[in-house]
Number of protein chains: 2
Amino acid sequence: MLDPSTASQFPSTRPTRNPLYIQVKQRILDAIRARRWKPGEMLPSEHQLAEEFSVSQGTLRKAIDELVTQNIIIRQQGKGSFIATHTADHSLFYFFHLVDAQNRRELPHSAVRRIRIRRGLSAECARLGLKAGSSLLDIKRVRDIGGAPVINETVLLSAATFGSLKDMSESLPNTLYKLYQEKYDTTVTSAAESLRAVGADEDDADALSIEVGTPILEIDRIAFNLDRQPIEIRISRCRTDRYHYLNMLE
Amino acid sequence: MLDPSTASQFPSTRPTRNPLYIQVKQRILDAIRARRWKPGEMLPSEHQLAEEFSVSQGTLRKAIDELVTQNIIIRQQGKGSFIATHTADHSLFYFFHLVDAQNRRELPHSAVRRIRIRRGLSAECARLGLKAGSSLLDIKRVRDIGGAPVINETVLLSAATFGSLKDMSESLPNTLYKLYQEKYDTTVTSAAESLRAVGADEDDADALSIEVGTPILEIDRIAFNLDRQPIEIRISRCRTDRYHYLNMLE
DNA sequence: ATCCATTTGTCCGTATGTATA
DNA sequence: TTATACATACGGACAAATGGA
């Protein structure tokens, strides 16, 4: 929303007074978007890329520095640089903030409750950048940690893109972002989470084994792809009696 | 601390040789801790500092890069580099996450409800790194946005260090971190927030004009100084009907 | 177990661009 | 205009990690 970096997204109309390393970064990003390298694949060496873009290795390095801090590229000394993949660990660390009393993270297990395709409400379509009335894939699942249900979750996706997910309703994996990346060429790189305290409704009470009205934490997340376009709405309604949401500020 | 003679006793397990730019960063941090420059003050130029530490400007620049990303130093092209200060804007952006429906931040006004010195509970003292039974300064205040009460807040500090704050109970400023920095040589640079949904108790109900049991968001924050020592516990119990907690993940 | 090529990481010195006062 | 300070860019050198021969 208030992201200044969206201002640098104009492809070629830009007067391009940008620093060279920013231009190189954009060219690398374009190549990633064009699937020149797939997730997990190794990039050419810094020397080769510098040669290709006709810049010094220092400039190319600075370009990649930025992509590394954005978790788009992973660098490993002695091995090479790789397009980042959505491993369970990665998703857990960057996108999952519920921890136990000892601040430990544990990936919850998921069970699908219902999955269907429906017309989106106008507000939902607007948030996903879709035309009003577009059809959405609506997944409801309950996630539990250590056997106890903790999260009552709803996931909304454009059915035009992700509709075929409905066919795997039973075998839906735990880490959806990995699936988006592998099956739909969609890499989630950033997200915005809005948190509220609300009272459990009947659906929550049923899914989480609590009483109606119990205070629960609602996490409303919107996830973005490489192009900063909204991909997914995810509403997680969480018990916070044994787990809490941890946010490090630094 | 990092005595090289003792460190060399562990040749293979302990990488004794930090990169030069990390060493330089630590030396600059030490100088800041020693109050060589006060908050807001300008550092010597990169050229001068490079000379002083006998490193190249590139290496010095990389050291300062790290301090800039940690919000400890602010750089301004053409002007110089400065020790970061806790302006209201800075605190607002990094430490205040309650926003309105349009995702806009607004610094709330504060009114002190009660301020006193008491013996800390063992859990509180442990979290602040104090001996059990140490005396704490306990501040209760209500914060409102646009005239409506939104946050019922409790702040806990070591009375040994911050006890004199009690004398300004009426004139306590809105942005406490700025005060810590200016009056107590304590700069808050990082924090950890734990969020839970809870039901309002009688105190919350009274402060926030809501009914007992209304779901509210509890933010339990522990704030750290430059040395990563815990300084402050802050428990904010918030209405989230008109405002919500925004967390950007990127 | 050792050597060796490859790749990223660090460091240097220099030159030039750009913002500020 | 001028001086100062940070920002970008270059090219070269060596260190450290990795993995295969």
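Residues numbered from 1 in each chain as written. Chains lettered and ligands numbered in written order. Predicted model: local features only at pLDDT ≥ 70, side-chain atom pairs only at ≥ 80, totals over all residues. Heavy atoms only, no water.

### Some remarks on the overall build of chain A
A tally of helices and strands in chain A yields 8 helices and 10 strands. Referenced to the eigenvectors of the C-alpha coordinate spread, the extents of chain A come out at roughly 65 × 45 × 35 Å. Looking at chain A as a whole, 50% of its 250 residues are labelled buried. For chain A, the proportion of contacts with a sequence separation of at least 24, taken over those separated by at least 6, is 58%. (Helix = DSSP H or I, 4+ residues; strand = E, 2+ residues; numbered from the N terminus. Buried < 20%, exposed > 50% of the residue type's maximum accessible area, 1.4 Å probe, protein only. Contact = heavy atoms within 4.5 Å.)

### A short note on the relation of the copies chain A and chain B
Screw-axis analysis of chain A against chain B gives a translation of 0.0 Å along the axis, an RMSD of 0.1 Å, and a rotation angle of 180°. These values place the two chain copies in the arrangement generated by a two-fold rotation axis. Mapped onto chain B, 93% of the interface residues of chain A are again interface residues, and the two copies thus contact each other with one and the same surface. (Least-squares fit on C-alpha atoms with pLDDT ≥ 70 in both.)

### Quick notes on the UniProt feature "domain: HTH gntR-type" (unreviewed entry) in chain A
Mapped onto this numbering, the UniProt entry gives "domain: HTH gntR-type" (unreviewed entry) at residues 18-86 of chain A. Within the segment residues 18-86 of chain A, helix and strand shares are 51% and 12% respectively, and the terminal C-alpha atoms sit 31 Å apart. (UniProt positions renumbered as here; feature names shortened; annotations may be inferred.)

### Observations regarding helix H5 (residues 88-95) of chain B
All of the buried residues along H5(B) are B:His90, B:Ser91, B:Leu92 and B:Phe95. Buried positions along H5(B) lie against strand S10 (244-249) of chain A together with helix H8 (176-184), strand S7 (190-199) and strand S8 (215-224) of chain B. For H5(B), the N-terminal cap is B:Thr87; the gap from its side-chain oxygen to the backbone nitrogen of B:His90 is 3.0 Å. (Polar contact = N/O pair within 3.5 Å; in protein donor to acceptor, adjacent residues only side chain to side chain.)

### Digging into the protein's contact with DNA strand D
Residues in close proximity to DNA strand D total 20 residues, the closest being A:Leu20, A:Tyr21, A:Thr59, B:Glu46 and B:Arg61. Protein-proximal atoms of DNA strand D, defined as those within 4 Å of the protein, fall in sugar or phosphate at a share of 83%. In the model, a phosphate oxygen of DNA strand D is placed 3.0 Å from a nitrogen or oxygen of the A:Ser56 main chain. Elements represented by at least two residues in the surface near DNA strand D include exactly helix H1 (20-33) and helix H3 (57-69) of chain A together with strand S1 (73-76) and strand S2 (80-83) of chain B. (Near = heavy atom within 4 Å.)

### Things to note about the side chain of B:Thr187
Residue and element names in this part refer to chain B. Along the polypeptide, Thr187 turns up in the loop between H8 and S7. Assessed through its relative accessible area of 16%, Thr187 is described here as buried. A distance of 3.1 Å separates polar atoms of two side chains, one belonging to Thr187 and the other to Gln181. For Thr187, the residues in contact, after removing those within four places along its chain, are His86, Gln181, Phe224, Asn225 and Leu226.

### Topic: the protein's contact with DNA strand C
Near DNA strand C, the surroundings consist of 20 residues, among which A:Glu46, A:Arg61, B:Leu20, B:Thr59 and B:Gln77 are the closest. Per the 4 Å cut-off to the protein, sugar and phosphate atoms form 81% of the nearby atoms of DNA strand C. Contact between DNA strand C and A:Gly78: a base oxygen at 3.3 Å from a main-chain N or O atom of the residue. Those elements that provide at least two residues to the surface near DNA strand C are strand S1 (73-76) and strand S2 (80-83) of chain A together with helix H2 (20-33) and helix H4 (57-69) of chain B. Of the residues contributing to the surface near DNA strand C, the split by class is 4 nonpolar, 10 polar and 6 charged. (Nonpolar A, V, L, I, M, F, W, Y, C, P; charged D, E, K, R; others polar.)

### Focus on the environment of B:Ile216
By the secondary structure assignment, B:Ile216 is in strand S8. For the pair B:Ile216 and B:Leu121, spaced 95 residues apart in the sequence, the C-alpha separation amounts to 24 Å. The contacts of B:Ile216, once residues within four sequence positions are left out, are A:Ala197, B:Arg196, B:Ala197, B:Val198, B:Gly199, B:Ala200, B:Asp204, B:Ile210, B:Arg237, B:Cys238 and B:Arg239.

### A look at the pattern of salt bridges
A full pass over the atoms with the stated rule returns 48 salt bridges over all chains. Note that B:Glu250 is salt-bridged to A:Arg228, the shortest N-O span being 3.3 Å. Separated into two different chains, B:Glu250 in the segment after strand S10 (244-249) and A:Arg228 in the loop between strand S8 (215-224) and strand S9 (230-238) make up a pair that spans both. For B:Arg234, the salt bridge is made with B:Glu232, and the minimal N-O distance between the two is 2.9 Å. Among the charged side chains, a salt-bridge network with shared partners connects A:Arg141, A:Arg143, A:Glu153, A:Glu232 and A:Arg234. (Salt bridge = Lys/Arg side-chain N within 4 Å of Asp/Glu carboxyl O.)

### Concerning the interface of chain A and chain B
Listed as interface residues are 29 residues of chain A and, on the opposing side, 28 residues of chain B. Summed over both partners, the interface of chain A with chain B buries about 2500 Å², with 52% contributed by carbon and sulfur atoms. Area buried by chain A at its contact with chain B is led by A:Asn247, A:Leu249 and A:Glu250, which between them contribute 24% of it. The interface formed by chain A and chain B holds 2 salt bridges in total. (Buried area = accessible area lost by both parts, 1.4 Å probe.)

### A few points about the sheet that holds strand S3 (residues 98-99) of chain B
The pairing of strands in a sheet comes from backbone hydrogen bonds and takes either a parallel or an antiparallel form. Spatial ordering of the open sheet is given by S4(A)-S5(A)-S6(A)-S9(A)-S8(A)-S7(A)-S10(B)-S3(B), a layout of 8 strands whose pairing is antiparallel. Taken across any chain shown, the strands that pair with only one partner, and hence form the sheet edges, are strand S4 (109-119) of chain A together with S3 of chain B. Looking at chain direction, strand S7 (residues 190-199) of chain A and S8(A) are connected through 10 bridges and run antiparallel. Looking across to S8(A), one finds that A:Val198 is bridged to A:Ile216. Where helix H4 (residues 88-95) of chain A meets the sheet, its contacts fall on S7 and S8 of chain A together with S10 of chain B, and the angle it forms with S7(A) comes to roughly 60°. Strands strand S5 (135-145), strand S6 (148-158), S8 and S9 of chain A of the sheet are contacted by helix H7 (residues 176-184) of chain A, whose axis makes an angle of about 165° with S9(A). (Pairing = 2+ DSSP bridges. Axes fitted to C-alpha atoms, helices over the stretch in contact; angles between N-to-C directions.)

### Description of the domain arrangement of chain A
All names here are of chain A. Split by domain assignment, chain A resolves into domain 1 (4-83) and domain 2 (88-245). Contacts between the two partners involve 11 residues from domain 1 and, on the opposite side, 8 residues from domain 2. Where domain 1 meets domain 2, there are 2 salt bridges. Ionic pairing is found between Asp185 and Arg35, a salt bridge with its closest N-O pair at 2.8 Å. Among the residues forming the side of domain 1 that touches domain 2, the class breakdown is 4 nonpolar, 5 polar and 2 charged. (Domains from an automatic or database assignment.)

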